[in-house]
Amino acid sequence: MIKNEYYNLSVSSPRCTMDDNSPWAIDFRLYEDISHLFPYINSIAPDSRYFTNPHYIRFSLDGKNCVLYPRSVIITPLEDRVQARQFIDRFFSFINDIEARMNFVEPDDSVFTQAPVIEIYKKLPGTNCGDCGYKTCMAFACAVGAGEIELACCKAPASL
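Report follows, based on the coordinates. In this text, all values refer to a predicted model and were calculated from it rather than measured experimentally. Each residue is numbered by its place in its chain's sequence as written, counting from 1. Given that this is a predicted model, residues contribute local features only at a pLDDT of at least 70 and side-chain atom pairs are listed and counted only at 80 or more, while totals for whole chains, interfaces and linings are drawn from all residues. Values reported for side chains reflect all heavy atoms of the structure, with hydrogen atoms and water molecules removed beforehand.

A look at unusual backbone geometry
For residues other than glycine, phi is negative in most cases, and the peptide bonds are mostly trans.
Reasoning step 1: The linkage connecting asparagine 53 with the following residue, proline 54, adopts the cis geometry, with an omega of 0°.
Reasoning step 2: Within the secondary structure, proline 54 sits in the loop between strand E3 (49-52) and strand E4 (55-61).
Reasoning step 3: Cis peptide bonds are those with omega within 30 degrees of zero, and the linkage from threonine 76 to proline 77 qualifies with -5°.
Reasoning step 4: Positionally, proline 77 belongs in strand E6 (residues 72-78).
Reasoning step 5: The phi dihedral of aspartate 47 is positive, around 55°, even though this residue is not glycine.
Reasoning step 6: Numbered from the N terminus, helices here are DSSP runs of H or I no shorter than four residues, and strands are runs of E no shorter than two. With respect to the helices and strands, aspartate 47 occurs in the loop between helix H1 (38-44) and E3.
Reasoning step 7: With phi around 55°, asparagine 128 is a residue other than glycine that occupies positive phi space.
Reasoning step 8: Take asparagine 128: it is sitting in the loop between helix H3 (117-122) and helix H4 (137-145).

Here it is in structure tokens:
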């Protein structure tokens, strides 16, 4: 069982302004390496992406974006400091549940591979029309490479 122990907790707003609408983030270190759980998280968690270089996993937990490295955690967006501190308990509950069910879950070792952004960009019209929802074709190519959107979402007729 992973203990609910951590250190170097940072609770902050990632934006330059600290207004009430800024999403908060938490960042903390773990005493224990939890990388053995990554394939199980990859199997269970929605929208998970497992990477090996560097070694980390990104996934959603209760609508929060979680990024786990072997000994550190980043979670966002959170509404405020209170919710940030409460979500730590939810995080450890999730991790401990996965560790308890490891014998009953098929691990998923498949690694997410990001497509080369420049190769994606070469397939786009380069007009920066914005019809896809991104300001530039390069921004769109980055989103495609990260798996956030499909290449077919480019609305420029000559792009594909």
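Structure shown, so let's carry the discussion forward.
Focus on H4
Reasoning step 1: Looking at H4, one finds that the buried residues are Cys137, Phe140, Ala141, Ala143, Val144 and Gly145.
Reasoning step 2: Buried residues in H4 make contact with H3.
Reasoning step 3: Glycine 147 sits one or two positions beyond H4 and adopts a positive phi of about 80°. Burial here depends on accessible area, computed with a 1.4 Å probe over protein chains only, as a share of the maximum for the residue type. Under 20% is buried, over 50% is exposed, and the range in between is partly exposed. For this analysis, residues touch if any pair of their heavy atoms sits within 4.5 Å.

A closer look at the pattern of salt bridges
Reasoning step 1: Each reported salt bridge corresponds to a side-chain nitrogen of Lys or Arg within 4 Å of a carboxyl oxygen of Asp or Glu. All told, the structure shown has four salt bridges when counted by the stated rule.
Reasoning step 2: A salt bridge links aspartate 27 to arginine 29; its shortest N-O distance comes to 2.6 Å.
Reasoning step 3: Overall, the relative accessible area of 24% leaves aspartate 27 in the partly exposed class.

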